[in-house]
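# Notes for the structure review
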Amino acid sequence: MQTIQSVNEMQSHAIGLRSSGRLIGLVPTMGCLHEGHLSLIDIAKERADKVIVSIFVNPTQFGPNEDFERYPNALEADLEKCRERGADIVFNPTVQEMYPQGYSTYVNEEHISSGLCGISRPNHFRGVTTVCLKLFNITRPDIAVFGQKDAQQCAVIQKMVTDLNIPAQIVIGETKRGEDGLATSSRNRYLTNTQHEEALSLSKALQLGQRMVREDGVRSVDRVVAEITHHLSLAHRVRVIYVQVVDRETMEPAREIIPGKQLVCVAAWVDQTRLIDNIAL
Ligand code: PAF
């Protein structure tokens, strides 16, 4: 497995791979890799000849009071995991490489990114679309694989790819969960055992909502949202940011439940840690 830090080197290598007819799969990450990321590498390996994993904690997607400075870093362990899982290249540029002095160009999706996390994290998706477009231009992927846990991110990136005619296919890998149901996330590392227990209320509440729709035939968005919110309020360390039923492609808020077409998405603080999760209805 090769590791590349230089943008120019990565780009000329990718152009070379493409011109020799190789299909490139990209798995963009911010490192601190867990089973969720590794399952995305598996998907990329099934569909592409060469798999590039990018590891870059992207400063432009963090707000001023967010966790950029303390975002977990585990580069050596990450490289080992990528090697074991069969990645071909890890691209891990520095911030200076990606955003040299005087950098001033940003990409903004203006519709899907405005709701849900876009409300409490202004500029977050602008940072995500900007870095993803840069990564696409640098690594020239035929396919790029993202995780369903970040459902809004997936929808925003899909929209950017469509709107800007980017010649890459976006593939979505399912959310990986621990045995107790907690969605895997690099931020789970921040949780103490007690906070982890409380964080389980997210997946439990979502499952409750799914059962209301699938087993009890509930079609009222308000009832499902109220039940999930109530369940979350029973966990004392959890503060709800949003609970919303949305169309799974456009992320527009639903008026009534149409099974098979929607997600219920949740974001919540567990003490100082911000977690998100979602489930299909
Ligand atoms: O999901 C993430 O880890 C990040 O938002 C991404 C897609 C790697 C962009 O920095």
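Moving on, we come to the site of the ligand. In the vicinity of the ligand, the contacting residues are Pro28, Thr29, Met30, Asn58, Gln61, Val131, Phe146, Asp150 and Gln153. The separation between an oxygen atom of the ligand and a polar side-chain atom of Gln61 is 2.6 Å. With respect to the ligand, the side chain of Gln153 contributes an N or O atom lying 2.7 Å from an oxygen atom. Contact with the protein chains covers 90% of the free accessible surface of the ligand, which is 290 Å². Across the shell around the ligand, the residue classes tally to four nonpolar, four polar and one charged.

The next subject is unusual backbone geometry. In this structure, Cys32 takes a positive phi of about 55 degrees despite not being glycine. Along the polypeptide, Cys32 turns up in the loop between strand E2 (24–29) and helix H2 (35–47).

Direction vectors running N to C along helix H6 (residues 124–139) and helix H7 (residues 151–163) enclose 55 degrees, while the axes themselves pass 10 Å from each other. Considered as vectors, H6 and H7 are oriented oblique to each other. In terms of crossing hand, the pair formed by H6 and H7 is right-handed. On H7, the residues that touch Phe125, Val128, Thr129, Cys132, Leu133 and Phe136 of H6 are Gln152, Gln153, Val156, Ile157, Met160 and Val161.

The next subject is the packing of aromatic side chains. By convention here, two paired aromatic rings are described through the distance between centres and the angle between planes. Summed over all chains, the structure comprises five aromatic pairs. Between Phe56 and Tyr99, the ring centres sit 6.2 Å apart and the planes meet at 40 degrees, which makes this aromatic pair tilted. Taken as a pair, Phe56 in the loop between strand E3 (50–55) and helix H3 (75–85) and Tyr99 in the loop between helix H4 (95–98) and helix H5 (117–120) lie far apart in primary sequence, 43 residues in all. As far as the burial class goes, Phe56 and Tyr99 line up, both buried. Sitting over the ring of Tyr190, Arg70 keeps its end group 4.2 Å from the ring centre. A cation over a ring is seen here: Arg126 above Tyr106, with NZ or CZ 3.9 Å from the ring centre.

Attention shifts here to the nonpolar core. Membership of the largest hydrophobic core comes to 30 residues, with the highest contact counts inside it found for Met10, Phe91, Met98, Cys132, Phe136, Phe146 and Ile157. The set of elements that each furnish at least two residues to this core consists of helix H1 (7–19), E2, strand E4 (89–91), H6, strand E5 (143–147) and H7. Sort the elements by how many residues they give to this core and H6 lands first, with seven residues. Those residues in contact with Ile157, other than ones at most four positions away along the chain, are Val128, Cys132, Phe136, Phe146 and Ile170. In terms of nonpolar packing, the next biggest core, distinct from the first, is built from 28 residues, Leu200, Val221, Ala254 and Ala268 among them.

For the structure shown, the criterion picks out eleven salt bridges. One salt bridge connects Asp142 with Arg18, and the closest N-O pair in it is separated by 3.1 Å. With Asp142 in the loop between H6 and E5 and Arg18 in helix H1, the pair connects residues that are 124 residues apart, well separated along the chain. Note that Arg121 is salt-bridged to Glu66, the shortest N-O span being 2.6 Å. Here Arg121, found in the loop between H5 and H6, pairs with Glu66, found in the loop between E3 and H3; they are 55 residues apart in sequence, far enough to count as distant. What makes Arg121 buried here is its relative accessible area of 9%.

Most of strand E8 (residues 262–270) sits out of view: eight of its nine residues are buried. Relative to E8, strand E7 (residues 238–247) is paired through nine bridges, and the arrangement is antiparallel. Bridged to Val243 within E8 is Val266. In the sheet, E8 pairs with strand E9 (residues 273–280) via eight bridges, with the strands oriented antiparallel. If you follow Val264 over to E9, its bridge partner there is Ile279.

About the thresholds
Residues numbered from 1 in each chain as written. Predicted model: local features only at pLDDT ≥ 70, side-chain atom pairs only at ≥ 80, totals over all residues. Heavy atoms only, no water. Near = heavy atom within 4 Å. Polar contact = N/O pair within 3.5 Å; in protein donor to acceptor, adjacent residues only side chain to side chain. Areas by Shrake-Rupley, 256 points an atom, 1.4 Å probe, with all protein chains shown as cover. Nonpolar A, V, L, I, M, F, W, Y, C, P; charged D, E, K, R; others polar. Helix = DSSP H or I, 4+ residues; strand = E, 2+ residues; numbered from the N terminus. Axes fitted to C-alpha atoms, helices over the stretch in contact; angles between N-to-C directions. Parallel < 35°, antiparallel > 145°, perpendicular 65-115°, else oblique. Left-handed = near helix turned anticlockwise from the far one by under 90°. Contact = heavy atoms within 4.5 Å. Phe/Tyr/Trp six-rings, centres within 6.5 Å; stacked < 30°, edge-to-face > 60°. Buried < 20%, exposed > 50% of the residue type's maximum accessible area, 1.4 Å probe, protein only. Lys NZ or Arg CZ within 6 Å of the ring centre and 35° of its normal. Core = buried A, V, L, I, M, F, W, Y, C linked by side-chain atoms within 4.5 Å. Salt bridge = Lys/Arg side-chain N within 4 Å of Asp/Glu carboxyl O. Pairing = 2+ DSSP bridges.

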